[in-house]
Amino acid sequence: MKKTSGRVLALLGLFQARPEWTASQLAERLGVTERTVRNDIARLRELDYPVHAVRGRGGYYRLGPGAKLPPLVLDDNEAVAVAVGLRTVTGVAGFAESGGRALAKLEHMMPDRLRRRLASLRDATEAGPVNTDSNVEDPEVDPGLLTEIAAAIRDRRGLRAFYRGDERIEFEPYKLIAWQRRWFVVGRAPDDGTWMPYRVDWLTLRLPGGRHFTPVQPPGDLTEFVVREVARTGWSVHARLVVDAPAEDVLARINPAVGVVESRPDGRSVLVTGGDSLETVAVWIGMLGLGFTVESPDELVGHLRLLADRYTAAVKAADEFASERSAGTADAL
């Protein structure tokens, strides 16, 4: 039988794996009597772990939430998995500092055998760059801002904020959604019921917040709503294109997250899309493989003209190189 300290840690590990246990189940798992289980639970309570007892037929012990975060008991694989997760870039900026502190604490507490396992895994692996589809750095998001929005969602409390600098907005928050390495909060305007995804990195909360609200049925799946609406409202650059193809052909060539497609009476279609830079938008519409006309913005037209000149020069240089190579081959013969 384990010593008392080791047994109490094993008991805590069982509670953290599953919150409810009967005395007989705990006694069987620990290889002790139910009286010993009761004594060990008393020791956990002395250490401020809130273990509650439900008496009577079908009674059990339950580990409840406490007033402070107690030490976690992790097995070897769980500890390594948490450390690897903290080292992995999740694609959401803003957590580097707090994640680094948590990782340092965890590694400090690890026994040598686990530190060696983690070191060997770290030395044997590499991670490629995360943001390879844009020339714009991922935005930093304050974890405190996310938790404040999440609390407002939980408490059904409206939010007041400045959006994109100086625009004053008020909305009822419903869901936080991470997509394309960006955080969005889906909100409903209390005055006209309009639904909108707001980029969290463009929000500056104002105090006091909004009024409490009674939730209503959202307009379908909110994740799909964000993916659909961000093309119109959630990018730094928005573009409206007339594409020389019917809407069904355009939809067959794009991911629905890229933009919104509308049919036109003349058989062509309108694509509303966007990105965090003109360069990103130009790449996306170039991959479309269809003729198009830019309706807006004018800056995109200027950037495409620059690209056209650059590509034309590249083609001319390639033709000259091919001619010189051909002439050199003829001379050799």
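These figures come from a predicted structure and were not determined experimentally.

1. Thoughts on the overall build of the protein chain
Counting its secondary structure elements, the protein chain contains 11 helices and 12 strands. At a minimum sequence separation of 6, the contacts of the protein chain that also span at least 24 residues come to 59%. Summed over all atoms, the accessible surface of the protein chain reaches about 20400 Å², with 53% contributed by carbon and sulfur.

2. A word on the pairing of strand 9 (residues 237–243)
Burial analysis of strand 9 places five of its seven residues in the buried class, the great majority of the element. Where strand 9 meets strand 11 (residues 269–275), seven bridges bridge the pair, whose relative direction is antiparallel. Its bridge partner lying in strand 11, His238 is registered against Gly274.

3. Topic: the sheet that holds strand 5 (residues 167–179)
In spatial order, the strands read 7-6-5-4-8; together these five strands make up an open sheet with antiparallel pairing. Strand pairing shows two members of the sheet lacking a second neighbour, strand 7 (195–199) and strand 8 (203–206), which therefore form its edges. Here the strands of the sheet are splayed against their neighbours by 55° on average, with no regard to which way each runs. Note: strand 5 against strand 6 (residues 182–188), seven bridges, orientation antiparallel. From the neighbouring strand, Leu176 faces strand 6, where its bridge partner is Val185.

4. Considering the packing of helix 2 (residues 23–30) against helix 3 (residues 34–46)
A pair of packed helices is characterised by two quantities: the angle between their axes and the separation of those axes. Between helix 2 and helix 3, whose axes approach to 9 Å, the crossing angle comes to 95°. Taken together, helix 2 and helix 3 sit at an angle that is classed as roughly perpendicular. Facing Ala23, Ser24, Leu26 and Ala27 of helix 2, the residues of helix 3 in contact are Glu34, Val37 and Ile41. In the contact of helix 2 with helix 3, the residues fall into five nonpolar, one polar and one charged.

5. Some details on unusual backbone geometry
Following Leu207, the chain continues into Pro208 via a peptide bond in cis, with omega recorded as -5°. Position of Pro208 among the secondary structure elements: in the loop between strand 8 and helix 8 (222–233). Cis geometry marks the peptide bond from Ser296 to Pro297; its omega dihedral reads 0°. When you line up the elements, Pro297 lands in the loop between strand 12 (292–296) and helix 11 (298–332).

Quick notes on the rules
- Per-chain numbering applies: the sequence of each chain, read as written, is numbered from 1 onward.
- Two thresholds apply to this predicted model, a pLDDT of at least 70 for residue-level local features and 80 or more for giving and counting side-chain atom pairs, whereas whole-chain, interface and lining totals are computed over all residues.
- As a rule here, side-chain values cover all heavy atoms of the structure and leave hydrogens and water aside.
- Secondary structure elements are defined from DSSP: runs of H or I of at least 4 residues count as helices, runs of E of at least 2 residues count as strands, and each element is numbered from the N terminus.
- We call two residues in contact whenever any of their non-hydrogen atoms come within 4.5 Å of each other.
- Using a 1.4 Å probe, the Shrake-Rupley method yields the accessible areas, and only the shown protein chains count as cover for residues.
- Any residue under 20% of the maximum accessible area for its type is buried, any over 50% is exposed, and the rest in between are partly exposed; the area is computed with a 1.4 Å probe on protein chains only.
- Each pair of strands is called paired provided DSSP finds at least two bridges between the two strands.
- Axes here mean lines fitted to C-alpha atoms, for a helix over just the part in contact, with angles spanning 0 to 180 degrees between N-to-C directions.
- Between 65 and 115 degrees an angle is taken as roughly perpendicular, under 35 as roughly parallel, over 145 as roughly antiparallel, and anywhere else as oblique.
- Classification used: nonpolar for Ala, Val, Leu, Ile, Met, Phe, Trp, Tyr, Cys and Pro, charged for Asp, Glu, Lys and Arg, polar for all others including Gly.

That is the geometry; function is a separate question.
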